[in-house]
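Now for the letters of each chain:
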Amino acid sequence: FRMSDEPIRNGGIGLTDAEWYRRFGEVAASIGTESFHRNLLSLFALSIESDSGWIIRYSRVAPPDVLYTTGVPSEIVDFYNRKCLRIDPFSLYWKTFGKPGILTLSEIGHTSPESILYAKIFRPAANISDELGMFFSTVGHCCFGLFLERERGEFSQEDVRRAELIFPALEGCHRSHLGHLFSNLRYTNGKQAEGLLNRPTLIRDRHDVEVFANETWKQAVLADVSIEPMLETLARADAIQTVHARDHVITSETFDRDFALAPGGRIFMLGPKVSAQDDLASYQAAADILTALTPRERDILTLTMKGQATGDIAQILKISKGTIKNCKIRIYRKVDVTSERDLIKKFSPFFPSA
């Protein structure tokens, strides 16, 4: 196939079709190695102009895992892990639809309270204007997401079309990579699959015979004696099942009949129990408040949280100080505070430090 009538470009550097195919060959040659997904992200980035990239593992039943970044400051990764795991709209998309393919942040930027929070909290902190995601499904209702970010402007329809055009080729390499990893799990210690199975994991065949357990699973079973008894409460089913052990949440899923390692078998994964229910409630409350604010009120709140004074906000938004003050009074009522100090204190957990 031909990718486009013009050379692929990234950052002003032309990339011809011939060069793209050469890079694709390097990706194919790295199947089964630790560098595979990094090479896949690199090829994605060479195909579409971008400023930075992420590899994130999403699950329908657990928080996202950041596996690799390029061009992203470490403090932004830390901020994402501390503040944005529960409001990542791409994670919510995967939990809801579980559909491989291409998606941009601009498509889902205001479709839920969580996405509004993400737009107001993460995007300013990371200094990005749009993200383009490519989703590859794995096992256990999980996926690998490759993400390109731009500091200015949105990804165009032509960018999306190009991503959709190369997706089948990249997905084919990804599937071959998974097949290689799972086929070799029986004979290795599982280190090659750490990016795939980065949670405590047990795999049984259709006769309930163990065919693989990584080291973190073995350690968890020794530390939490309730895990093995709780496994026996999980009946065979196509849908995800979840039970609670003493210290962990156990999820189970049945494999397809053509799964390479254990056809018709099951995979079990451990996740941490959510101990901070108050945090979940706080995020939901913040999302509800931001949804209730008008776009102008949200802008004023964001600038206030960045330490901007009323006069500065008036200049940035090109409105009068009186309008700013009236909007702040309405914000105080909706947030249930009586002063700017209380407002900042209430929202400081959700915004980056100034």
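Scroll up to find the structure.
Residues numbered from 1 in each chain as written. Predicted model: local features only at pLDDT ≥ 70, side-chain atom pairs only at ≥ 80, totals over all residues. Heavy atoms only, no water.

1. A word on the packing of aromatic side chains
Link 1 in the chain: This model, assessed by the stated rule, comprises 15 aromatic pairs.
Link 2 in the chain: Taken together, a centroid distance of 5.9 Å and an interplanar angle of 75° make the contact between Y58 and F147 edge-to-face. On the criterion of sequence distance, the pair formed by Y58 in strand 3 (residues 52-59) and F147 in strand 7 (residues 142-150) is long-range, its members being 89 residues apart.
Link 3 in the chain: Overall, the relative accessible area of 2% leaves F147 in the buried class.
Link 4 in the chain: Measuring from ring centre to ring centre gives 5.7 Å for Y80 and F122, while their planes differ by 75°; the resulting arrangement is edge-to-face. Of this pair, Y80 sits in helix 3 (residues 74-83) while F122 sits in helix 6 (residues 113-126), placing them 42 residues apart in sequence.
Link 5 in the chain: By relative accessible area, which is 1% here, Y80 ends up buried.
Link 6 in the chain: Using a relative accessible area of 1% as the deciding quantity, one classes F122 as buried.
Link 7 in the chain: Three or more aromatic residues joined by ring pairs make a cluster, and in this case those are Y58, F90, Y93, W94, F97, F135 and F147.
Link 8 in the chain: Between R38 and the ring centre of Y68, over which it is positioned, the NZ or CZ distance is 5.8 Å. (Phe/Tyr/Trp six-rings, centres within 6.5 Å; stacked < 30°, edge-to-face > 60°. Helix = DSSP H or I, 4+ residues; strand = E, 2+ residues; numbered from the N terminus. Buried < 20%, exposed > 50% of the residue type's maximum accessible area, 1.4 Å probe, protein only. Lys NZ or Arg CZ within 6 Å of the ring centre and 35° of its normal.)

2. Structural notes on the sheet that holds strand 9 (residues 210-213)
Link 1 in the chain: Strand order across the open sheet formed by five strands is 9-8-12-11-10, with antiparallel pairing between neighbours. Looking at which strands have only one partner, the edges of the open sheet turn out to be strand 9 and strand 10 (241-244). Recorded for the sheet is a direction-independent mean angle of 20° between the axes of neighbouring strands.
Link 2 in the chain: Judged from the seven bridges that link them, strand 11 (residues 248-254) and strand 12 (residues 266-272) form a sheet pairing that is antiparallel. Within strand 12, the position partnered with E253 by the bridge is I267.
Link 3 in the chain: Sitting on the sheet, helix 8 (residues 215-223) is in contact with strand 8 (201-204), strand 9, strand 11 and strand 12, with an inclination near 65° to strand 12. (Pairing = 2+ DSSP bridges. Axes fitted to C-alpha atoms, helices over the stretch in contact; angles between N-to-C directions. Contact = heavy atoms within 4.5 Å.)

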